[in-house]
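Chain and residue survey
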Amino acid sequence: MTEEHAKNHLWGRRDWLTALGWTAIAGALLAGTAAFGRLLFRRAPIEPPTQFRAGRPADYAAGTVSDRFVKTWRVFIVHENSQLYAILGKCTHLGCTPRWYRRENKFKCPCHGSGFDTAGVNFEGPAPRPLERARVWLDDAGELWVDVGQRYARENWGQPGAHVRVSAARERA
Amino acid sequence: MSARPGFWRQVYDSVFRHKFGDTPRNRMLQITSNVFLHLHPATVRRHGLRLRYTWGMGGLSFLMFLVTVVTGVVLMFYYRPTAATAYIDMKNLQHEIPFGMFQRNMHRWGAHAMVILVWLHMLRVFLSGSYKPPREFNWGVGVVLLTLTMLLSFTGYLLPWDQLARWAITVGTNMAAATPFLGHQGPGAQLTGVTERTDVRALLLGGPQVGDAALLRFYVLHCVFLPLIASTFMIVHFWRVRKDGGISGPPATDSDAAAGRSGGQS
Ligand code: HEM
Ligand code: FES
């Protein structure tokens, strides 16, 4: 490029090509990074099934907490005040699974010591809220079903799916 | 082998480009002409050798990194990162593989030591004021290295797939869900619009809870991604130590100035 040419043109051919080259490289890197970021989130999240059959209401004696579905479904079935409800075994502090201690009549979280009563209400330790409940219902054959995909925080415990009346179940059966 | 008389001489000269007589020039050449040694400065100031000044902490941190790299690669020969195999592989490493227990414990102790030494190194740099100009940039590089060390430790924690590992990562990733703007339970989540499926916790776990996807993700981060990034930053860190004038020294005193000396701070 001659001196004169450079004087008359703010951007010479080389400047354009250089800018184009670097833009292409930067663009490719950016696109690659963005694509990788998106790749880390699946199109269809893999989620395990959420509904299971939990036997007959009569399997749960009044005033008891059953932990027979904790290993498989992370759910405690509680029969109290002629209601059956399913407490989600997921501590509202940071998500560990509390255990049921029959003698002390409470749920206790092994991670940082939160305690919950039979209704799942927190009364000690760092947990900020009561344990959530999973949806429960009786099918036409009178069997108890639980759906851990639908959850009820304390404000919603009055809603129909948050518990089943056990006396009503007896009548149907 | 009675080759041509000059043969072995030629082999020798092809490897070493300098003589070995103990002269200052040859000593410098040994450093500058060797790829494995060239990170060392050809000359070191006296104060840079004082253990009471550096505590040797940066070098020991690096040594621990090398220990975890070597033993970690050894563990990779037997460890499979799936929920069905991870725990049993760890147990087999300990009880069935010759020296497996030794390698695993070297890796674990090396990792713990690295975390501790990196913190002590930072403390030393702070106490000796070595973050001051012209070394501010290298302090910044060091902060990144500290973060990477913690991330290496965190991702390695899940791999044994025992109860401690799974619940610790459950707790840790639930804490990540409370990160401002990036976690769905954190402040500002409405602003950024992140949900349970798109926040930083989901990014780490690759699924709704700690499971196979999370184990694989942590494994790749732990064994490939983070060590590569950390190595890159270490290269910059060491290079910068040299470019900033070698290890820092005590600041110039009034008597230094009177005597026309520059002091150590460069
Ligand atoms: C290239 C570097 C590395 C490789 C290839 C590597 C590889 C591995 C592998 C395969 C495991 C699973 C086996 C086991 O649990 O012992 C593991 C575990 C672990 N790693 Fe690393 N690692 C590396 C560096 C590090 C570093 C720098 C740290 C921390 C500063 C670290 C911390 C841990 C911890 C805490 C465990 C759990 C150890 C145990 O419970 O036995 N690793 N690593
Ligand atoms: S996770 Fe239950 S007390 Fe912290």
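Summarised in this report is the structure supplied together with it. (Residues numbered from 1 in each chain as written. Chains lettered and ligands numbered in written order. Predicted model: local features only at pLDDT ≥ 70, side-chain atom pairs only at ≥ 80, totals over all residues. Heavy atoms only, no water.)

1. Some thoughts on the overall build of chain B
Regarding its fold elements, chain B presents twelve helices and zero strands. Counting from the amino terminus, helix and strand elements in chain B follow one another as α-α-α-α-α-α-α-α-α-α-α-α. Computed over the C-alpha atoms, the radius of gyration of chain B is 24 Å, more than 25% above the 18 Å expected from 2.2 N^0.38 for a compact globule of 266 residues. Taking the principal axes of its C-alpha atoms as reference, chain B extends roughly 65 × 65 × 30 Å. Split into buried and exposed, the 266 residues of chain B put 33% on the buried side. Within chain B, contacts between residues separated by at least 24 positions form 59% of all contacts whose residues are at least 6 apart in sequence. If you sum the accessible surface of chain B, you get close to 16,600 Å²; carbon and sulfur atoms cover 68% of it. Of note, chain B has its 25 positive side-chain charges centred 9 Å away from the centre of its 12 negative side-chain charges. (Helix = DSSP H or I, 4+ residues; strand = E, 2+ residues; numbered from the N terminus. Rg over C-alpha atoms; globule rule 2.2 N^0.38 Å. Buried < 20%, exposed > 50% of the residue type's maximum accessible area, 1.4 Å probe, protein only. Contact = heavy atoms within 4.5 Å. Areas by Shrake-Rupley, 256 points an atom, 1.4 Å probe, with all protein chains shown as cover. Lys, Arg positive; Asp, Glu negative; His and termini not counted. Charge placed at Lys NZ, Arg CZ, Asp CG, Glu CD.)

2. Topic: the interface of chain B and chain A
Residue-level contacts link 13 residues of chain B with 13 residues of chain A. Surface buried jointly by chain B and chain A totals about 1,200 Å² across both partners, of which 65% is contributed by carbon and sulfur atoms. When the area that chain B buries against chain A is broken down by residue, the three leading residues are Trp-167, Val-171 and Arg-197 of chain B, summing to 40%. The interface formed by chain B and chain A contains zero salt bridges. Counting only elements with at least two residues in the side of chain B that touches chain A, the list comes to helix H8 (163-176) and helix H10 (200-205) of chain B. Here the side of chain B that touches chain A gets five residues from one element, more than from any other, and that element is H8 of chain B. Residue composition of the side of chain B that touches chain A, grouped by class: six nonpolar, four polar and three charged. (Buried area = accessible area lost by both parts, 1.4 Å probe. Salt bridge = Lys/Arg side-chain N within 4 Å of Asp/Glu carboxyl O. Nonpolar A, V, L, I, M, F, W, Y, C, P; charged D, E, K, R; others polar.)

3. Overview of unusual backbone geometry
The omega torsion of the bond from Pro-133 of chain B to Pro-134 of chain B falls at 5 degrees, within 30 degrees of zero and hence cis. Its location among the elements puts Pro-134 of chain B in the loop between helix H6 (100-127) and helix H7 (136-158). One non-glycine residue, Ser-82 of chain A, lies in positive phi territory at about 45 degrees. Turning to its location among the elements, Ser-82 of chain A is positioned in the loop between strand E3 (75-80) and strand E4 (83-88). Unlike most non-glycine residues, Asn-105 of chain A shows phi in positive territory, near 60 degrees. Take Asn-105 of chain A: it is sitting in the loop between strand E5 (99-101) and strand E6 (106-108).

4. Concerning the layout of surface pockets
Residue and element names in this part refer to chain B. Here the second largest pocket is characterised by a volume of approximately 1,400 Å³. Lining the second largest pocket we find 47 residues, and of these Gly-58, Gly-59, Phe-238, Val-241 and Ile-247 sit closest to its centre. Of all the secondary-structure elements, those providing two or more residues to the lining of the second largest pocket are helix H3 (51-54), helix H4 (57-76), H6, H7 and helix H11 (212-243). In terms of residue count, the dominant contributor to the lining of the second largest pocket is H7 (eight residues). Looking at the lining of the second largest pocket, its residues break down into 23 nonpolar, 18 polar and six charged. (1 Å grid on protein atoms, 1.4 Å probe; cavity = no way out; pocket = protein on both sides within 12 Å on 5 of 7 lines; lining within 4 Å. Points joined across faces, edges and corners; volume = space filled by probe spheres on them.)

5. Observations concerning the side chain of Lys-106 of chain A
All names here are of chain A. Turning to its location among the elements, Lys-106 is positioned in strand E6. A residue is classified by how much of its surface remains accessible, and Lys-106, at 14% relative accessible area, is buried. Only 2.9 Å separates the side chain of Lys-106 from the side chain of Glu-124, close enough to count as a polar contact. The residues touching Lys-106, leaving out its near neighbours within four places in the chain, are Arg-99, Trp-100, Tyr-101, Phe-116, Phe-123 and Glu-124. (Polar contact = N/O pair within 3.5 Å; in protein donor to acceptor, adjacent residues only side chain to side chain.)

6. Side note on the sheet that holds strand E8 (residues 122-124) of chain A
Residues and elements named next belong to chain A. The four strands lie next to each other as E5-E6-E7-E8, forming an open sheet whose pairing is antiparallel. Each end of this open sheet is capped by a strand with a single partner; those strands are E5 and E8. Pairing of E5 with E6, which is carried by three bridges, proceeds in the antiparallel orientation. Within E6, the residue paired with Arg-99 across the bridge is Lys-108. (Pairing = 2+ DSSP bridges.)

7. Remarks on a nonpolar patch on the surface
On the surface, Phe-36 and Leu-39 of chain A together with Leu-216, Val-220, Val-224, Phe-225 and Leu-228 of chain B cluster together into a nonpolar patch covering about 660 Å² of accessible area. Sorting the residues of the nonpolar patch by element identifies helix H2 (13-39) of chain A together with H11 of chain B as the ones contributing at least two each. Position of Val-220 of chain B relative to the elements: it lies in helix H11. (Patch = residues over 30% accessible without salt bridge, like charges linked within 9 Å, V, L, I, M, F, W, Y side chains within 5 Å.)

8. Comments concerning the coordination of the iron atom of ligand 1
All names here are of chain B. On the protein side, the iron atom of ligand 1 has His-107 (NE2) and His-222 (NE2) as donor atoms, found 2.0 Å from it. Around the iron atom of ligand 1, the six donor atoms are arranged such that angles at the metal cover 82 to 177 degrees; this shape is classified as octahedral. Of this pair, His-107 sits in helix H6 while His-222 sits in helix H11, and the two are 115 residues apart along the sequence. On the accessibility criterion, His-107 (17% relative accessible area) is buried. (Donors = N, O, S within 2.8 Å, 3.2 Å for Na, K, Ca; no water. Tetrahedral: all angles 85-135°; square planar, octahedral: opposite > 155°, others 65-115°.)

9. Notes on the pairing of strand E10 (residues 144-152) of chain A
Consecutive residues of a regular strand have side chains that alternate between opposite faces of the sheet. Residues and elements named next belong to chain A. Pairing between strand E1 (residues 51-53) and E10: three bridges, direction antiparallel. Bridge pairing in E10 places Phe-52 opposite Val-146. The sheet contact formed by strand E9 (residues 133-138) and E10 spans six bridges and is antiparallel. Its bridge partner lying in E10, Arg-135 is registered against Asp-147. The hairpin turn running from E9 into E10, its antiparallel successor, is five residues long, and Gly-142 in that turn takes a positive phi close to 80 degrees.

10. Remarks on the site of ligand 1
All names here are of chain B. The environment of ligand 1 is formed by 21 residues, the closest being Arg-104, His-107, Arg-108, Pro-160 and His-222. The contact in question runs from a nitrogen atom of ligand 1 to an N or O atom on the side chain of His-107, over 2.6 Å. Between ligand 1 and the protein, one listed contact pairs a nitrogen atom with a side-chain N or O atom of His-222 at 2.7 Å. Top element by residues in the shell around ligand 1 is H4. It accounts for six residues. Here the shell around ligand 1 is composed, by residue class, of twelve nonpolar, seven polar and two charged. (Near = heavy atom within 4 Å.)

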